[in-house]
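One-letter residues, chain by chain:
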Amino acid sequence: MGLTAGIVGLPNVGKSTLFNAITKKNILAANYPFATIDPNVGMVTVPDERLSVLEERETPERVVPATYEFTDIAGLVKGASKGEGLGNKFLSHIRECDAICEVVRCFEDENITHVEGGVDPIRDIEIINLELIMSDLEIAETRIGKIEKKATTTKDKDALAEVAVLKKTIDALEKNIPLRRVEYNEEEEKILKNFHFLTKKPIIYMANVSENDILTGNDYVEKVKEYASKETARVIMLSAKIESELSELNDEDRKMFLEDLGLSGSGLDKLVYATYDLLGLQTFFTAGKDECRAWTFKKGMKAPECAGLIHTDFEKGFIKAEVTSYEDYLQYGSEKAAKEAGKMRLEGKDYVMQDGDIVYFRFNV
């Protein structure tokens with residue numbers, strides 16, 4: 001599935017350093033605004049021990065983990081919604097993302113300049129939020145200006161419903177309320193999808209701290225957590241510097257380094273899991289001697305839709321799905337043994353796929 005999380009933040013908050021660590025790419029990271037001019041896209045592997053178990057037991061020719069895209073988007077400054085800095089180019093790149101990961105600077109360093117003159121994470125968050133709000137407001141006002149008069153005159157039901165939703169949206173935005181904090185019913189949500197509003201996108205705040213604060217956090221992090229709680233957003237605390245160092249190590253050295261720091265896992269792993277969960281994603285597996293692969297699907301998808309992720313013909317000609325839960329596979333040691341124990345199930349078109357399902361799709365085209 002083509003899902004993308006956009007990494008955003010003011011200049012010099014550690015955004016590109018973090019992106020480098022995620023994708024192990026050498027993206028320009030410099031101590032001045034707009035070091036990253038165009039969005040840089042990296043495919044991110046979702047860490048999954050279950051796939052490692054399948055690999056060990058099936059010994060396939062190849063292993064393909066679940067992945068999705070992280071996009072590093074150029075630094076934002078005040079006035080972007082009016083064209084300042086990279087302006088609308090920046091905003092258009094965010095509009096293409098499914099979720100927003102906002103890097104917030106929560107450390108002091110006199111050698112790294114701050115575009116606003118000093119460290120204040122809440123101010124930084126509100127600068128970005130305001131620019132996104134202003135962009136959404138412009139879109140909503142432009143649209144309602146085009147259709148309101150016609151909707152009132154013709155009494156067209158769909159047009160009147162759109163106007164009502166836009167008025168509700170504009171009212172919230174004028175009060176500086178991001179749309180993810182606004183409650184919409186199912187019909188309103190359908191109308192909103194057409195606009196790709198920036199402040200409707202789910203968000204994770206990444207509190208970038210110094211190496212000294214990685215275990216305990218600091219007052220800046222607590223302020224970010226308090227702010228995020230207002231919109232039930234998540235906060236991931238990490239150190240971009242540590243993550244950069246970890247990205248250069250092999251698995252064994254990486255594990256030792258984390259142990260020395262007193263950490264159970266990297267901040268990036270936490271970010272990947274949180275973003276995966278934030279977007280409502282789950283994983284099913286196909287396993288065999290040719291290939292073991294993790295497939296990403298949206299929670300709630302049915303078996304034929306998931307078959308279509310492998311190939312459209314699988315969905316068109318779907319007959320049945322042979323399903324073994326990962327827990328049963330783990331207990332019995334193989335799909336064959338699970339089947340002999342009566343744990344493999346034949347599921348039809350209405351089966352809602354579950355996280356960890358190991359599946360063989362039957363189809364006929």
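Every chain begins its residue count from 1, and numbering advances along the sequence as written. Local features in a predicted model are, by the rule used here, given only for residues with pLDDT of at least 70; side-chain atom pairs are given and counted only at 80 or more, and totals for whole chains, interfaces and linings are based on all residues. Note that water and hydrogens are dropped before the side-chain values are worked out from all heavy atoms of the structure.

## Overview of the overall build of the chain
Moving on, step 1. The helix count covers DSSP runs of H or I at least four residues long, the strand count covers runs of E at least two residues long, and both are numbered beginning at the N terminus. When you go through the chain residue by residue, the secondary structure sums to 14 helices and 12 strands.
Moving on, step 2. Throughout this description, buried means an accessible area under 20% of the type-specific maximum (1.4 Å probe, protein chains only), exposed means over 50%, and partly exposed covers the range between. Within the chain, the proportion of its 365 residues that are buried is 49%.
Moving on, step 3. In the chain, the share of contacts with a sequence separation of at least 24, taken over all contacts with a separation of at least 6, comes to 69%.
Moving on, step 4. Accessibility throughout is a Shrake-Rupley quantity obtained with a 1.4 Å probe, and a residue counts as covered only by protein chains that appear here. For the chain, the computed accessible surface area is about 18,400 Å², with 47% contributed by carbon and sulfur atoms. Every residue pair with non-hydrogen atoms within 4.5 Å of one another is taken to be in contact.

## Digging into the sheet that holds strand β6 (residues 203-208)
Moving on, step 1. One open sheet accounts for 6 strands, arranged β2-β4-β1-β5-β6-β7; its pairing is mixed. Taken across any chain shown, the strands that pair with only one partner, and hence form the sheet edges, are β2 (40-45) and β7 (234-238). Averaged over all neighbouring strand pairs, the angle between strand axes comes to 25°, with direction disregarded.
Moving on, step 2. Pairs of strands are assigned from DSSP output, requiring at least two bridges between the strands. For strand β1 (residues 4-8) and strand β4 (residues 67-72), the ladder comprises 4 bridges, and the chain directions are parallel. Bridge assignment links G6 to a residue of β4, and that residue is T71. Note on geometry: axes are lines fitted to C-alpha atoms, helical ones only across the stretch in contact, with angles between N-to-C directions running from 0 to 180 degrees.

## Quick word on the side chain of N208
Moving on, step 1. Position of N208 relative to the elements: it lies in strand β6.
Moving on, step 2. Among the polar contacts made by the side chain of N208, one reaches the main-chain amide nitrogen of A240 at a distance of 2.9 Å.
Moving on, step 3. In contact with N208, not counting residues within four places along its chain, are V13, G14, V103, V104, R105, C106, F107, L238, S239 and A240. Residues adjacent in sequence count toward polar contacts only when both atoms are side-chain atoms; beyond that, a polar contact is any pair of N or O atoms within 3.5 Å, and within protein one must be able to donate a hydrogen and the other to accept it.

## Considering the nonpolar core
Moving on, step 1. F70 and Y205 are the most contacted members of the largest nonpolar core, which totals 67 residues.
Moving on, step 2. One finds A140, A159, V163 and I191 within the second-largest nonpolar core, a separate group that totals 20 residues. Only buried residues count toward a nonpolar core. Its members are Ala, Val, Leu, Ile, Met, Phe, Trp, Tyr and Cys residues joined through side-chain atoms within 4.5 Å.

## Focus on the packing of aromatic side chains
Moving on, step 1. Classification of ring pairs uses Phe, Tyr and Trp, with its six-membered ring standing for Trp, and accepts pairs whose centres are within 6.5 Å; under 30 degrees between planes counts as stacked, over 60 as edge-to-face, and the remaining range as tilted. Throughout the structure, instances matching the rule amount to 7 aromatic pairs.
Moving on, step 2. A cation over a ring is seen here: R105 above F107, with NZ or CZ 4.6 Å from the ring centre.
Moving on, step 3. We call a charge positioned over a ring when the NZ of a Lys or the CZ of an Arg lies within 6 Å of the ring centre and within 35 degrees of the ring normal. Above the face of the Y227 ring, R181 is positioned so that its terminal group lies 5.7 Å from the ring centre.

## Quick look at the pattern of salt bridges
Moving on, step 1. When a carboxyl oxygen of Asp or Glu is within 4 Å of a side-chain nitrogen of Lys or Arg, the pair counts as a salt bridge. Counting across every chain of the model gives 22 salt bridges.
Moving on, step 2. Its salt-bridge partner being D350, residue K302 comes within 3.8 Å of it at the nearest N-O pair. Pair noted here: K302 is in the loop between β9 (291-298) and α11 (303-310) and D350 is in the loop between β11 (345-347) and β12 (358-363), with a separation of 48 residues, a long-range link.
Moving on, step 3. Salt-bridge contacts for R362 lead to E322; the nearest nitrogen and oxygen are separated by 2.7 Å. In this pair, R362 sits in strand β12 while E322 sits in strand β10 (residues 318-324), placing the two residues 40 residues apart along the sequence.
Moving on, step 4. Judged by its relative accessible area of 35%, R362 is partly exposed.
Moving on, step 5. Taking relative accessible area as the criterion, E322 reaches 12% and is therefore assigned buried.
Moving on, step 6. What emerges from the salt-bridge pattern is a single network uniting D48, R50 and D355.

## What to know about the pairing of strand β5 (residues 99-105)
Moving on, step 1. Summarising burial for β5: 7 of the 7 residues are buried, a large majority.
Moving on, step 2. As judged from the 4 bridges shared by β1 and β5, these two strands associate in the parallel manner. Each residue of the ladder has a partner; that of G6, found in β5, is I100.

## Points about the confidence of the model for the chain
Low-pLDDT stretches of the model should not have their predicted coordinates read in fine detail.
Moving on, step 1. Overall, the predicted model of the chain reaches an average pLDDT of 87, with 89% of residues at or above 70.
Moving on, step 2. On a range of 0 to 100, pLDDT expresses the predictor's confidence in each residue. Contacts for the low-pLDDT stretch residues 26-37, under 50 throughout, to residues beyond four places or in other chains number 31 contacts.

## Topic: helix α2 (residues 49-58)
Moving on, step 1. Those residues of α2 that sit buried are R50, L51, V53, L54 and E58. The buried residues of α2 occupy one face: seen down the axis, they fall within an arc of 155°. Seen from the open side of α2, the exposed residues pointing more than 90 degrees away from its buried face are E49 and E56.
Moving on, step 2. Check the buried side of α2 and you find it contacts β3 (62-64), β8 (281-287), β9, α13 (326-332) and β12.
Moving on, step 3. Backbone geometry just after α2 places T59 at a positive phi near 45°. The arc in question is the one traced by the directions running from the helix axis out to the C-beta atoms.

## Some thoughts on the packing of helix α4 (residues 121-154) against helix α5 (residues 157-174)
In a pair of packed helices, the angle between the axes and the distance between the axes together describe the arrangement.
Moving on, step 1. The interhelical angle for the contact between α4 and α5, taken along N-to-C directions, is 150°, at an axis separation of 9 Å. Crossing geometry of α4 relative to α5 is assigned as left-handed. Listed contacts from α5 to I133, D136, L137, A140, E141, R143, I144, I147, E148, A151 and T152 of α4 are A159, L160, E162, V163, L166, K167, I170, L173 and E174. In a left-handed crossing the near helix is turned counterclockwise from the far helix by less than a right angle, and in a right-handed crossing that turn is clockwise.

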